[in-house]
Each structure stands twice: as structure tokens, then as C-alpha cells.
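Descriptive structure summary
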Amino acid sequence: QVQLVESGGGVVQAGGALRLSCAAAGRTVSSYAMGWVRQAPGKEREVVAAISWSGGSTYYADSVKGRFTISRDNAKNTVYLQMNSLKPEDTAVYYCAAAAVGSWMPHDPYGYDYWGQGTQVTVSS
């Protein structure tokens, strides 16, 4: 069992930047692959970025490639999502998620085992 708590969301103007953090408790983040999943009204749930337990492999949705960067600091049990060049369509609740490494499919928003409560990101135009 792992508990995940997101922070760093807020309101930002288009073109701006924001960094989300995900702090883990109860179980070390190093035991899991990690992902950031967003949910916006009227849109499907989307994995925007994911990273392997070692940090050696990453995945990005086409919609965020070149703009978002996922990273992890296993020593701090923390995962980050740096979001640059934000667009209004990035507006969503962003969830931190953890998945067992063995059967990890980074692009699958329903393939993660543990979820945080989410943090709201609003990008104004």
C-alpha cells in the first residue's frame, strides 16, 4: 500500500509553467513505476507522463511531448511533473499514480494501482 499526495497545482496563464509534486507515504516510491494522469470534463482520462522505477525510461503523451518533463527522486519518495508552455487544454485535475513494475503499461490510465487525490491545474487564455 502506498499513499500519494499531489501538490503544486494552481492557476497559470497560457505559456506559463508549473511544477507538480507527488509525495509518497507508507511505501517507498522506488518500488513502483509512476505516472501523472489527468482528467478534464468532457475528455477521456489521459496518462500525460510516466517514469520507470529507476528513472531510466519515460513516457509522454503526444499532447505534452516537448512541454512536460517527469522526474523522480527516490531518496525523497517524490515524483515531479514540470509543465512548461502550458495551454488552456492542459486544464484538468492531475493525479499522481503508482503501478507495479511487472505489468506496467505506461499509457494505460486504468493500469495503475494507487492514486492520489489530485491537484487542479487551470490554464487561462
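For the structure, check the block above.
Throughout what follows, the structure given in this document is the object of discussion.

Each value, and the rule that gives it
- Residues numbered from 1 in each chain as written.
- Predicted model: local features only at pLDDT ≥ 70, side-chain atom pairs only at ≥ 80, totals over all residues.
- Heavy atoms only, no water.
- Helix = DSSP H or I, 4+ residues; strand = E, 2+ residues; numbered from the N terminus.
- Rg over C-alpha atoms; globule rule 2.2 N^0.38 Å.
- Contact = heavy atoms within 4.5 Å.
- Core = buried A, V, L, I, M, F, W, Y, C linked by side-chain atoms within 4.5 Å.
- Buried < 20%, exposed > 50% of the residue type's maximum accessible area, 1.4 Å probe, protein only.
- Polar contact = N/O pair within 3.5 Å; in protein donor to acceptor, adjacent residues only side chain to side chain.

Before going further, it helps to examine the overall build of the protein. Broken down by element type, the protein carries zero helices and eleven strands. At 13 Å, the protein has a C-alpha radius of gyration in line with the 14 Å of a compact globule built from 125 residues. Each principal axis of the C-alpha atoms in the protein carries an extent, and together these give about 40 × 25 × 25 Å. Here the analysis covers contacts within the protein between residues at least 6 apart in sequence; of these, 59% occur between residues at least 24 apart.

The biggest cluster of nonpolar side chains holds 30 residues, and the ones touching the most others in it are Leu4, Met34, Trp36, Leu81, Met83 and Tyr94. For this core, the secondary-structure elements that each account for two or more residues are strand S3 (18-25), strand S4 (32-39), strand S5 (46-51), strand S7 (68-73), strand S8 (78-83), strand S9 (92-100) and strand S11 (119-124). Core analysis: the next-biggest nonpolar cluster, separate from the first, contains eight residues, Ala33, Ala50, Ala97 and Trp104 among them.

Note on placement: Ser52 falls in the loop between S5 and strand S6 (58-60). The class of Ser52 is buried, set by a relative accessible area of 9%. From its side chain, Ser52 meets the backbone nitrogen of Gly56 in a polar contact 3.2 Å long. Once you skip the residues sitting within four places of it in the chain, Ser52 turns out to touch Ala33, Ser57, Arg72 and Trp104.

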